[in-house]
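Chain by chain, the residues run as shown.
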Amino acid sequence: MPQDYFGEQVAARYDDAQGEMFQAAAIDPVVDFLADLAGDGAALELGIGTGRIALPLAQRGIRVHGIDLSEAMIARLRAKPGGEEIGVTIGDFATTRVVGTFSLAYLVFNTIMNLTTQDLQVACFQNVAAHLEPRGCFVIEVELPDLQRLPFGETIRPFHVSETRLGFDEYDVVNQGLVSHHYRAVDGKFEKWSIPFRYVWPSELDLMARLAGMTLHERWSGWQREPFTSESTKHVAVWQKR
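(A) Just the packing of aromatic side chains, in detail. Under the definition given, this model contains nine aromatic pairs. Aromatic pair F6 and Y14: ring centres 6.5 Å apart, planes at 70 degrees, arrangement edge-to-face. Taking the relative accessible area as the measure of exposure, Y14 reaches 15% and is therefore buried. The rings of F6, Y14 and F22 are connected pair by pair, giving a single aromatic cluster.

(B) Geometry of the side chain of T96. On the secondary structure map, T96 appears in the loop between β3 (87-90) and β4 (102-107). Of note is the side chain of T96, whose polar atom sits 2.8 Å from the backbone oxygen of D92. For T96, the residues in contact, after removing those within four places along its chain, are I67, T89, G91, N127 and H131.

(C) Layout of the environment of A209. For A209, the position within the fold is in helix α7 (residues 202-211). The buried category is assigned to A209, whose relative accessible area is 0%. The sequence separation of A209 and E191 amounts to 18 residues, and the corresponding C-alpha distance is 38 Å. Residues within four places of A209 in sequence aside, it is in contact with F125, M214 and W239.

(D) Main features of the pattern of salt bridges. One pass over the full model with this rule turns up nine salt bridges. A salt bridge links R149 to D146, with the nearest nitrogen and oxygen atoms 3.0 Å apart. The exposure class assigned to R149 is partly exposed, which follows from its relative accessible area of 45%.

(E) View of the environment of E45. With respect to the helices and strands, E45 occurs in strand β1 (residues 43-46). By relative accessible area, which is 3% here, E45 ends up buried. In the structure, E45 is positioned 48 residues away from F93 in sequence and 9.1 Å away in space, judged by C-alpha atoms. Excluding residues that lie within four positions of it along the chain, E45 makes contacts with I53, A54, H65, G66, I67, Y106 and V108.

(F) Structural context of the pairing of strand β2 (residues 64-68). The element β2 is extensively covered by neighbouring structure, given that five of its five residues are classed as buried. Neither face of β2 is exposed, since V64, G66 and D68 on one face and H65 and I67 on the opposite face are all buried. The pairing of β1 with β2 spans four bridges and is classified as parallel. Paired with L44 across the bridge in β2 is H65. Remark: the β1/helix α4 (residues 54-59)/β2 crossover connection has right-handed handedness. In terms of handedness, the path from β2 via helix α5 (residues 71-79) over to β3 forms a crossover that is right-handed.

Calculation notes
Each chain carries its own residue numbering, running from 1 in the direction its sequence is written. Local features in this predicted model are restricted to residues whose pLDDT is 70 or higher, and side-chain atom pairs enter the listing and the counts only when it is 80 or higher, whereas totals over whole chains, interfaces and linings include all residues. Note that water and hydrogens are dropped before the side-chain values are worked out from all heavy atoms of the structure. A pair of aromatic rings is counted whenever rings of Phe, Tyr or Trp (Trp by its six-membered ring) have centres within 6.5 Å, and the orientation is called stacked for planes under 30 degrees apart, edge-to-face for over 60 and tilted otherwise. Here the term buried applies to any residue with accessible area under 20% of the maximum for its type, exposed to any over 50%, and partly exposed to those in between, with areas from a 1.4 Å probe on protein chains only. Runs of E in the DSSP output that reach at least two residues are strands. Runs of H or I that reach at least four are helices, and both are numbered from the N terminus. Polar contact criterion, stated in full: a pair of N or O atoms within 3.5 Å, where within protein one must be able to donate a hydrogen and the other to accept it, and residues adjacent in sequence count only if both atoms are side-chain atoms. The contact definition used throughout considers only heavy atoms, calling two residues in contact when any of these lie within 4.5 Å. A pair is scored as a salt bridge if a Lys or Arg side-chain nitrogen falls within 4 Å of a carboxyl oxygen belonging to Asp or Glu. When DSSP finds two or more bridges between a pair of strands, those strands are recorded as paired. Handedness of a crossover: with both strands directed away from the viewer, a clockwise path from the first strand across the helix to the second marks it as right-handed.

Set out below in structure tokens:
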């Protein structure tokens, strides 16, 4: 079983740490996008976490099942209104199988990067394909590597700096590795935790999908279908099972 980096320390403050991501302005476009693709079918969320997307999607009448490695995160989901009604399987979403098929599977907020090797990311696409109905869709939201803003020879780039919170990404360019270091002020001192990721390029994801029997259906720079350009900092991609 892979290491769980989202244990009690992270889960206890997760909903607060990503504050803007829990606002309606950030959530509603995601739910609209996913609900449209799910149609009358069921949805599978990989890395369901505390239910930021799963709960409002379920409120739209869509049956949602989740896979997640962190029991601490799932405990927060269960404590929320409607959380007990969502099916969850504890496990590594790259390989864990659940009963049934789905018209939609999705991985949001950079969660594909939690799989820290190319082999695991490839396995994830294959696992999703095994769960999807014919013509079912797989959606990923992920940031693009910030390498253009990384001076040559440097490996550290800040992503959040304030009086109460600091965040720095440490790049391993050779291995497409990325460790996010988080520092948060608690009771007059800074708590620290670090989480490893593997950044991935759009073309690389397209090839993973192709190997799993899926083809690119659409790609945007945001949930409201903003055009994807050379200046985009993230992308929302949809692949469809052949």
